[in-house]
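Tertiary structure, described
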Amino acid sequence: MTLYSCCLILLLFTWNTAAYGPNQRAQKKGDIILGGLFPIHFGVAAKDQDLKSRPESVECIRYNFRGFRWLQAMIFAIEEINSSPTLLPNMTLGYRIFDTCNTVSKALEATLSFVAQNKIDSLNLDEFCNCSEHIPSTIAVVGATGSGISTAVANLLGLFYIPQVSYASSSRLLSNKNQFKSFLRTIPNDEHQATAMADIIEYFRWNWVGTIAADDDYGRPGIEKFREEAEERDICIDFSELISQYSDEEEIQQVVEVIQNSTARVIVVFSSGPDLEPLIKEIVRRNITGKIWLASEAWASSSLIAMPEFFRVIGSTIGFALKAGQIPGFREFLQKVHPKKSTNNGFAKEFWEETFNCYLPDGSKNSPSSTSFHKSHEEGLGAGNGTAAFRPPCTGDENITSVETPYMDYTHLRISYNVYLAVYSIAHALQDIYTCTPGKGLFTNGSCADIKKVEAWQVPFSNCSRDCLPGTRKGIIEGEPTCCFECVDCPDGEYSDETDASACDKCPEDYWSNENHTSCIPKQIEFLSWTEPFGIALTLFAVLGIFLTSFVLGVFTKFRNTPIVKATNRELSYLLLFSLLCCFSSSLFFIGEPQNWTCRLRQPAFGISFVLCISCILVKTNRVLLVFEAKIPTSLHRKWWGLNLQFLLVFLCTFVQIVICVIWLYTAPPSSYRNHELEDEIIFITCHEGSLMALGFLIGYTCLLAAICFFFAFKSRKLPENFNEAKFITFSMLIFFIVWISFIPAYASTYGKFVSAVEVIAILAASFGLLACIFFNKVYIILFKPSRNTIEEVRCSTAAHAFKVAARATLRRSNVSRKRSNSLGGSTGSTPSSSISSKSNHEDPFPLPASAERQRQQQRGCKQKVSFGSGTVTLSLSFEEPQKNAMANRNAKRRNSLEAQNSDESLMRHRALLPLQNSEPLSAEPGFQAASSPETSSQESVVGDTKEEVPTPEVEPSLPSANSRNFIGTGGGSVTENTVHS
């Protein structure tokens, strides 16, 4: 069964390779087989095929005499090596050579034949059947010609580690050893040629050129390298077009139109002869002259282009050519070719027919498959120098030297010499295996390979140093020859994309080397983005602050006529909330990719918003403090602290900050900046502030106002409870200072996007501190404690503060008098430590009528405990409607008596603002006025903010009375009942 299977496989392989008849290959047996790939034809015939029928192999057309000469160079080198007594003695090299037809499909078809033969050879079928036609494995392949074809072949041969030595493929892409592990060549790559083209253009001082490239792996990389070199030399490119021998007529005409309409006189062409030929024909047809052509080596000496009829168009061509070499005896070898003598060369028959424009009869020594070949000619499928139907028969006695063809043009052997070198390079590698000494070999444990059973991967390495892979460069070793070197990794920021690079190239400014240093990748761009988690969190906090501030503003607007809103200086509170909205909003300018306009807007927006906020707090605090410290507020005080002047002071404080920002933006405006220096692999997009001194002035002025505000708030911390915003302002200023003092070292120690993040955090923290400390307590009272948001609460708190100050002053003077009398030997009777007394209400000589008594019971009142020293006084206050208490006020004036006459000065200091009303006329609400000495009986109605405002059109009632009762002292003295009338 095993024998049957093996023979079946061999039979299938033999049938498969029958498609390549003797006419389509050159083959000779040997101990070691070399493969060959040569373009015996320029292309294939176009044939419409669809999926309805079985695909058939396309016919090769347009015979290539130079390609046949290259094939002959390989056969000549192999026969010369077989005849050498020193190189591979007692060994015979064989060959299997196929025609690529200058196409990838035909080249891969031939390459599969090499691979399949190697796999069958690895089955060792000789042990099971008499395989007389057995062919050894193909140890290496010489070819192919075009870079695009060699790329496809190298990808396939590389899978099986079969060495490939190309003689004409110059694309720089093939230098990538990571992709093409087994590819070698005897021709330099195109980088040097592209550089030389740019040097020529620079030498002639041309700076306006066009480019044309073949649409394959030869033309595209070559012209790309030229564009890079041209850009470095300030050479401009007018147009860049791609061509192919298989382009349709319309595409060719479009390219010709571009050339004809272009003002560039110099055209650089990276293409092969077959790809360029259709374009040149159309240019000749249109008679487009006056162009200078810069030709790559692939078409500069092509027989398809070097035609007499083309000279008037391409006569002004500067071309590149490979270095020529000499092959002794090769001329005579070329002249010996004959179909009857070259039995191993199946291409000789077609060569003879094309050379002499005749056809050989079927009785030749070729295999029967030649019949099909002639049938194709008779059917017109062949495309040689003539049509087979009209060719005379060949005699076989024709003289090869009598006909002038590219085949016999051996004066400058370039590609042929490269083929010759490729065969000899493989032979010398095999010679190293042949002469290997066991124990000193290149394989495991120093073993040597069997020359007659050598595998493709056993081709030895015979260099002083291993190849330096991409990502490394060659480093010099002291005391060693130049061919001995060490591979040094490219440093960060540099790369090498070729094998055995002598130096690493630096990456562009916005790029960085990848992990293997084989290419450059764009640097990572970093800034405080809207989409990253940190940016999203900061944005949410800013939006939360805007929402909360808007909510507080809405609450204050809705409850604008309530006492607690009036007590906070309503208009300034609105302006303060607006400034907090601006503070929260300014933090959003620090998020997102910095642009020039955002960089110039964000710091002034932050600075002006905070100064406006702190200016409002400063004016509010200072106004209350100065009014309470005034003994008797006059019209001058009321005018000086009017609402208009408060807004003016806020504007002046803010205007200073605006001036600082304007000077900053005019002299050194901030701008967006791409920072490459902080980290190698990251570009930080930040704002360059322009002037750190200006930023310092901006923040310093803000902190100065905050310090002044903190001073006034701390000084007024003991004012009445309804005026005591100072306590909360003090806390907010402490938070403000803590935030910005912490900001300075954090700002100085961070870099990149974290600089913006630190400032955003500082802005949000300071803004939340101001909002929470100043407004949250009031919003809580308004919404959840409405009982405390009444005029009685406000007046009771104010009255308690006034009596507290007066009582303390009285106690101090009483203590001083008592100590003075004791020192002078005064009365030794029991004297209380403190005393506040008044006549009892029971002794009132003017009793109220019954109706007035009922009104007193219905009046509003409150109780306040006033603590001072070691005592506590419970103060009960009641407030009557003004319209009902006119008579009670007149009676109260007659019986008002207060024994603590020495406290008049202290009481008078606080009487002015007992009914705290911000910008509200006094007639709109009940009033309260402390009693004075008998001499001071005149009524003074003082408005909290200004007297200039127009009162409401209501009838101004008489002032109400405030009755103080039930003074219970616990400080060691006696306090009797007292009635105070206002």
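Residues numbered from 1 in each chain as written. Predicted model: local features only at pLDDT ≥ 70, side-chain atom pairs only at ≥ 80, totals over all residues. Heavy atoms only, no water.

The name given to the protein chain in an unreviewed UniProt entry is Extracellular calcium-sensing receptor, with Strigops habroptila as the source organism. For the record of the protein chain, the UniProt heading Sequence similarities (unreviewed entry) holds the text "Belongs to the G-protein coupled receptor 3 family." Annotation of the protein chain in UniProt includes, under Subcellular location (unreviewed entry), the sentence "Cell membrane". (UniProt positions renumbered as here; feature names shortened; annotations may be inferred.)

Let's talk about the overall build of the protein chain
In terms of helices and strands, the protein chain carries 27 helices and 24 strands. Burial analysis of the protein chain (982 residues in total) assigns 50% to the buried set. For the protein chain, the exposed surface amounts to about 48,300 Å²; the carbon and sulfur share of it is 56%. (Helix = DSSP H or I, 4+ residues; strand = E, 2+ residues; numbered from the N terminus. Buried < 20%, exposed > 50% of the residue type's maximum accessible area, 1.4 Å probe, protein only. Areas by Shrake-Rupley, 256 points an atom, 1.4 Å probe, with all protein chains shown as cover.)

Section: the packing of aromatic side chains
When we look at a pair of aromatic rings, we describe it by the centre distance and by the angle of the planes. All chains considered together, the criterion is met by 23 aromatic pairs. The interplanar angle of 50° and the centroid separation of 5.8 Å between the aromatic rings of Phe610 and Phe736 together place this pair among those described as tilted. Note that Phe610 is positioned in helix H18 (residues 596–629) and Phe736 in helix H22 (residues 725–749), a separation of 126 residues in sequence. By relative accessible area, Phe610 is classed as buried at 0%. By relative accessible area, Phe736 is classed as buried at 1%. Every member of this aromatic cluster is reached through a ring pair, and the members are Phe76, Phe330, Phe333, Tyr417, Tyr420 and Tyr424. The ring of Phe485 carries the charged tip of Lys474 above its face, separated from the ring centre by 5.2 Å. (Phe/Tyr/Trp six-rings, centres within 6.5 Å; stacked < 30°, edge-to-face > 60°. Lys NZ or Arg CZ within 6 Å of the ring centre and 35° of its normal.)

Re the side chain of Asp217
Tracing the backbone through its elements, the reader meets Asp217 in the loop between strand E9 (208–214) and helix H6 (219–232). Within the structure, the side chain of Asp217 is placed 3.4 Å from the side chain of Thr151, a separation counted as a polar contact. A distance of 3.2 Å separates the side chain of Asp217 from the side chain of Arg220, its partner in a polar contact. Apart from residues lying up to four places away in sequence, Asp217 is in contact with Ser147, Gly148, Thr151, Ser171 and Leu173. (Polar contact = N/O pair within 3.5 Å; in protein donor to acceptor, adjacent residues only side chain to side chain. Contact = heavy atoms within 4.5 Å.)

Some points on the side chain of Asn64
By the secondary structure assignment, Asn64 is in the loop between strand E4 (60–63) and helix H2 (65–83). When neighbours within four sequence positions are excluded, Asn64 is seen to be in contact with Pro39, Ile40, His41 and Phe42.

Comments concerning the nonpolar core
In terms of nonpolar packing, the biggest core is built from 64 residues, with Phe606, Phe610, Ile617, Trp740 and Phe775 touching the most fellow members. Residue assignment for this core shows that the elements contributing at least two residues are helix H15 (533–558), helix H16 (563–567), helix H17 (570–586), H18, helix H20 (643–667), helix H21 (692–715), H22 and helix H23 (753–784). A per-element tally of this core places H23 first, with 15 residues. One finds Phe65, Trp70, Tyr424 and Ile433 within the second-largest nonpolar core, a separate group that totals 61 residues. (Core = buried A, V, L, I, M, F, W, Y, C linked by side-chain atoms within 4.5 Å.)

Some remarks on the sheet that holds strand E12 (residues 292–295)
With respect to topology, five strands assemble into an open sheet ordered E10-E9-E11-E12-E13, the strand pairing being parallel. Edge positions in the open sheet fall to strand E10 (236–243) and strand E13 (317–319), since each of these has one partner strand only. Across the sheet, the mean angle separating the axes of adjacent strands is 20° when strand polarity is ignored. Where E9 lies against strand E11 (residues 266–270), five bridges are found, and the strand directions are parallel. Within E11, the residue paired with Thr211 across the bridge is Val268. Each of E9, E11, E12 and E13 touches helix H5 (residues 190–203); the most contacted strand, E11, lies at about 175° to it. Across the face of the sheet, H6 comes into contact with E9, E10 and E11 while running at roughly 160° to E9. (Pairing = 2+ DSSP bridges. Axes fitted to C-alpha atoms, helices over the stretch in contact; angles between N-to-C directions.)

Let's talk about the environment of Val662
Following the sequence through the fold, Val662 ends up in helix H20. Classification of Val662 as exposed rests on a relative accessible area of 52%. It is 8.6 Å that separates the C-alpha atoms of Val662 and Pro604, two residues lying 58 residues apart in sequence.

Points about the packing of H20 against H21
Taken N-terminus to C-terminus, the directions of H20 and H21 make an angle of 170°; their axes are 9 Å apart at the nearest point. Accordingly, the angle class assigned to the pair H20 and H21 is roughly antiparallel. Note on element contacts: H21 touches H20 through Ala694, Leu695, Phe697, Leu698, Tyr701, Thr702 and Leu705, opposite Cys653, Val656, Gln657, Ile660, Cys661 and Trp664. Classifying every residue of the contact of H20 with H21 by side-chain character gives 11 nonpolar, two polar and no charged. (Parallel < 35°, antiparallel > 145°, perpendicular 65-115°, else oblique. Nonpolar A, V, L, I, M, F, W, Y, C, P; charged D, E, K, R; others polar.)

Some points on the sheet that holds strand E7 (residues 164–166)
Consider a sheet: its strands pair through backbone hydrogen bonds, and that pairing is either parallel or antiparallel. Here we have six strands laid out as an open sheet, ordered E1-E5-E2-E6-E7-E8, and mixed in their pairing. If you trace the sheet from one side to the other, it starts and ends with strand E1 (25–28) and strand E8 (183–185), each paired once. Averaged over all adjacent pairs, the angle separating strand axes in this sheet is 20°, with direction ignored. Strand direction decides the pairing type here: strand E2 (residues 32–38) and strand E5 (residues 93–99), joined by seven bridges, are parallel. Residue Ile32 lies in a different strand from E5, and its bridge partner there is Leu93.

Some remarks on H15
In a regular helix each residue adds 1.5 Å, so 26 residues correspond to 38 Å; H15 covers 37 Å between its end C-alpha atoms and thus fits that length. Every buried residue of H15 is accounted for by Gly535, Leu538, Thr539, Ala542, Gly545, Thr549, Val552, Val555 and Phe556. Residues of H15 that are buried sit in contact with H16, H17 and H23. (Expected span 1.5 Å × (residues − 1).)

Quick word on the state of the cysteines
The tally for this structure, following the rule as stated, stands at seven disulfides. For Cys468, the disulfide goes to Cys487, at an S-S distance of 2.1 Å. Residues Cys468 and Cys487 are joined through a disulfide that is left-handed, its torsion about the S-S bond being -100°. Separated by 19 residues along the polypeptide, Cys468 in the loop between helix H14 (415–434) and strand E14 (472–476) and Cys487 in strand E15 (residues 485–489) bring together distant segments of the chain. Taking the relative accessible area as the measure of exposure, Cys468 reaches 0% and is therefore buried. A residue is classified by how much of its surface remains accessible, and Cys487, at 38% relative accessible area, is partly exposed. A sulfur-sulfur separation of 1.9 Å characterises the disulfide bridge that pairs Cys599 with Cys687. Handedness here is read from the sign of the S-S torsion; for Cys599 and Cys687, about -75°, the answer is left-handed. Of this pair, Cys599 sits in helix H18 while Cys687 sits in strand E22 (residues 682–688), placing them 88 residues apart in sequence. Residue Cys599 is classed as buried on the basis of its relative accessible area of 0%. Take Cys687: its relative accessible area is 11%, and that puts it in the buried class. Cys613 provides the cysteine sulfur closest to Cys583, a residue in no disulfide bond, and the two sulfurs are 5.2 Å apart. (Disulfide = S-S within 2.5 Å.)

Topic: the UniProt feature "transmembrane region" (unreviewed entry) in the protein chain
Cross-referencing UniProt, the feature "transmembrane region" (unreviewed entry) maps to residues 534–556, 572–592, 604–626, 647–666, 692–714, 726–748 and 754–776 in the present numbering. Overall, residues 647–666 shows 100% helix and 0% strand. The separation of its end C-alpha atoms is 28 Å. Helix makes up 100% of residues 754–776 and strand makes up 0%, while its end C-alpha atoms are separated by 31 Å.

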